[in-house]
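# Results of the structural survey
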Amino acid sequence: MSYQVTFQPSGHVISAEADESLLESAIQAGLMVPYGCRDGACGACKATLNSGEVLLDQFSPTALTPQDVAAGMTLLCRAHPTSDLVLTVRNVQRAGDIPIKKLPCRVQRLERLAPDVMRLEVKLPATEQFRFLAGQYVDFLIAGGKRRSFSIANAPEGATTLEFHVRLIEGGEFTGHVFGGMKEKEILRFEGPLGSFFLREDSDAPIVLLAGGTGFAPIKGLVEHAIEAGISRPMTLYWGARNRAGLYLADLADSWSHALPRFKFVPVLSDSTEEDAWSGRTGLVHQAVMADLPDLSGYQVYACGAPPMIDAARQEFTTRCGLAEDAFFADAFTYSTDSAA
Ligand SMILES: Cc1cc2nc3c(=O)[nH]c(=O)nc-3n(C[C@H](O)[C@H](O)[C@H](O)COP(=O)(O)OP(=O)(O)OC[C@H]3O[C@@H](n4cnc5c(N)ncnc54)[C@H](O)[C@@H]3O)c2cc1C
Ligand code: FES
């Protein structure tokens, strides 16, 4: 059974099947709507239901709170239409013509960047074109029909490989394998590109890049793309980690100011010890942004990392620093529901 779904304020209208999520229907119809985990965990696909009825699959109460439900909100990745719908969703646009593909790839390089961070580089198939936007992610398809999401850490220009920064998760099925048995030349399968975390290039707004831990990965992709594309907007990267080892490519981030004259790098440690011999900024990384830039009106923020950091940054930047809600772009590194212990 299919229903008509209207997105406001953009005015896009699509047909949506009851047995598919609204997100799946939107993507199939060639629309780019905001989303992250596709799993009811991050809240990036939150939308207001102005009229009509939906059925919701299981979701995390942190992604859609009881207050959100009371305010008529829903999650595009969990909602199935049971009538025609009118929804308010910010930042809806035509997706362009980048197809989502399932492809094999070969492990080309494994490099330990920090005790708990591995650089995983995979070779793309020579016979199949894989296109993506800097900042997007892929799902590795693992045994038992499970998937694990990882952000692409390189720029798309001329890419024949994909780079990922994988943080080891205690007891983690995929990351345990990356740090344990994975060998060069191993064949993996992935689906992608996914996600709406990419640089909005139709704007001249100054940019704050906010990374927590391996949230640096997609930010690296964005910056390397900006260098390739000659984008000269002012950009300040705030990268937060617990200790110095967590800033595992700090020299690289430092070097970007040579390629991008208006680029600045601010590393921030939250739990530095004497061993770190750290004289730089300390505390929570999003608070460092607010201390330096108390007025974020007119800025765009691109944030990536653990869900609490993303939630705090979104909340405080928009309510206390005047950041426009549709100028905050984020990927929260949630984990898939099939991995919940
Ligand atoms: C859009 C997106 C992009 C992502 N990009 C990256 C990336 O570039 N680099 C990266 O390191 N991670 C990234 N993640 C997070 C990553 O997908 C998860 O950590 C993943 O579940 C790890 O898989 P695993 O099989 O090793 O662990 P699982 O088998 O999934 O989990 C094992 C146990 O650890 C818990 N767990 C899993 N992940 C986490 C976590 N992150 N924090 C706390 N507890 C956890 C689970 O609940 C479970 O109990 C991303 C997530 C999303 C949604
Ligand atoms: S909650 Fe829907 S994309 Fe994350």
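Residues numbered from 1 in each chain as written. Chains lettered and ligands numbered in written order. Predicted model: local features only at pLDDT ≥ 70, side-chain atom pairs only at ≥ 80, totals over all residues. Heavy atoms only, no water.

### Focus on the side chain of Glu316
The topology assignment puts Glu316 in helix 7 (residues 307-320). Residue classification places Glu316 among the buried residues on the basis of a relative accessible area of 18%. Every residue in contact with Glu316, bar those within four places of it in the chain, is listed here: His286, Met290 and Cys321. (Helix = DSSP H or I, 4+ residues; strand = E, 2+ residues; numbered from the N terminus. Buried < 20%, exposed > 50% of the residue type's maximum accessible area, 1.4 Å probe, protein only. Contact = heavy atoms within 4.5 Å.)

### Considering the nonpolar core
Within the largest apolar cluster, 32 residues are counted, with the highest numbers of intra-cluster contacts made by Leu209, Phe216, Leu237, Trp239 and Phe263. For this core, the secondary-structure elements that each account for two or more residues are strand 10 (101-114), strand 16 (207-212), helix 4 (216-229), strand 17 (235-241), helix 5 (250-259), strand 18 (263-269) and strand 20 (300-305). For this core, the element with the highest residue contribution is helix 4, accounting for 5 residues. Viewed by domain, this core spans two of them, domain 2 (101-196) and domain 3 (207-337), each represented by three or more residues. Every residue in contact with Phe216, bar those within four places of it in the chain, is listed here: His165, Ala211, Leu237, Trp239, Tyr248, Leu249, Ala253 and Trp256. Counting residues in each nonpolar core, the second largest holds 27 residues, with Val285, Leu293, Ala330 and Ala332 among its members. (Core = buried A, V, L, I, M, F, W, Y, C linked by side-chain atoms within 4.5 Å. Domains from an automatic or database assignment.)

### Details of the pattern of salt bridges
It is possible for side chains bearing opposite charge to pair when their charged atoms get close. For the structure shown, the criterion picks out 16 salt bridges. When the shortest N-O distance is used, the salt bridge between Lys146 and Glu173 registers 2.8 Å. Taken as a pair, Lys146 in strand 13 (residues 146-151) and Glu173 in helix 3 (residues 173-179) lie far apart in primary sequence, 27 residues in all. Under the relative-accessibility criterion, Lys146 is labelled partly exposed at 24%. (Salt bridge = Lys/Arg side-chain N within 4 Å of Asp/Glu carboxyl O.)

### A closer look at the sheet that holds strand 21 (residues 328-332)
Spatially, 19-18-17-16-20-21 is the arrangement adopted by the 6 strands of the open sheet, whose pairing is parallel. The open sheet has two edge strands with one neighbour each: strand 19 (281-282) and strand 21. Here strand 20 pairs with strand 21 via 5 bridges, running parallel. Note on strand 21: the bridge partner recorded for Ala303 is Ala330. In the packing of helix 6 (residues 285-292) onto the sheet, the strands contacted are strand 16, strand 17, strand 18 and strand 19, and the crossing angle to strand 17 comes to about 145 degrees. (Pairing = 2+ DSSP bridges. Axes fitted to C-alpha atoms, helices over the stretch in contact; angles between N-to-C directions.)

### Comments concerning the packing of helix 4 against helix 5
Each pair of packed helices can be described by the angle between their axes along with the distance between the axes. Put simply, helix 4 and helix 5 touch, their axes get as near as 11 Å, and they point 20 degrees apart. With respect to helix 5, the axis of helix 4 lies roughly parallel. Judged by the sense of rotation from one axis to the other, the crossing of helix 4 with helix 5 is left-handed. For the pair helix 4 and helix 5, contact is made by Phe216, Lys220, Val223, Glu224 and Ile227 and by Leu252, Ala253, Trp256 and Ala259, respectively. (Parallel < 35°, antiparallel > 145°, perpendicular 65-115°, else oblique. Left-handed = near helix turned anticlockwise from the far one by under 90°.)

### Focus: the domain arrangement of the protein chain
With domains assigned, the protein chain is organised as domain 1 (2-94), domain 2 (101-196) and domain 3 (207-337). Its C-alpha centre places domain 2 at a distance of 22 Å from the equivalent point of domain 3. Carbon and sulfur atoms supply 60% of the area buried between domain 2 and domain 3, which totals about 1400 Å² over both sides. Area buried by domain 2 at its contact with domain 3 is led by Ser151, Glu157 and His165, which between them contribute 31% of it. At the surface where domain 2 touches domain 3, the tally comes to 1 salt bridge. For Lys220, the salt bridge goes to Glu163, with nearest N and O atoms at 3.0 Å. Linking domain 2 to domain 3 there are 5 residue pairs in polar contact (both at pLDDT 80 or more). (Buried area = accessible area lost by both parts, 1.4 Å probe. Polar contact = N/O pair within 3.5 Å; in protein donor to acceptor, adjacent residues only side chain to side chain.)

### Some remarks on the pairing of strand 16
Of all the 6 residues making up strand 16, 6 are buried; the element is thus mostly covered by neighbouring parts of the structure. Of the two faces of strand 16, the one carrying Ile207, Leu209 and Ala211 and the one carrying Val208, Leu210 and Gly212 are both buried. For the handedness criterion, the β-α-β arrangement of strand 16, helix 4 and strand 17 is classed as right-handed. Inspection of the sheet shows strand 16 paired to strand 20 by 5 bridges, in the parallel sense. Across the sheet, Ala211 pairs through a bridge with Cys304, a residue of strand 20. (Right-handed = clockwise from strand over helix to strand, strands pointing away.)

### What about the environment of Asn50?
Within the secondary structure, Asn50 is located in strand 4 (residues 46-51). Under the relative-accessibility criterion, Asn50 is labelled partly exposed at 38%. Look past the residues within four positions of Asn50 in its chain and what remains in contact with it is Gln8, Val86, Leu87 and Thr88. Reaching out from Asn50, the side chain makes a polar contact with the side chain of Thr88 at a distance of 2.8 Å.

### So, unusual backbone geometry
A negative phi angle characterises most non-glycine residues, just as the trans form characterises most peptide bonds. Cis geometry is adopted by the peptide bond preceding Pro9, which originates at Gln8 and carries an omega value of 5 degrees. In this fold, Pro9 is placed in the loop between strand 1 (2-8) and strand 2 (13-17). Going from Gly192 to Pro193, the amide bond is cis rather than trans, its omega being 0 degrees. For Arg38, which is not glycine, the phi torsion reads 60 degrees and is therefore positive. Its location among the elements puts Arg38 in the loop between strand 3 (31-32) and strand 4. You will see that Asn91, though not glycine, has its phi angle at about 60 degrees, which is positive. Secondary-structure assignment places Asn91 in the loop between strand 8 (85-88) and strand 9 (93-94). For Asn91, a relative accessible area of 32% puts it in the partly exposed group.

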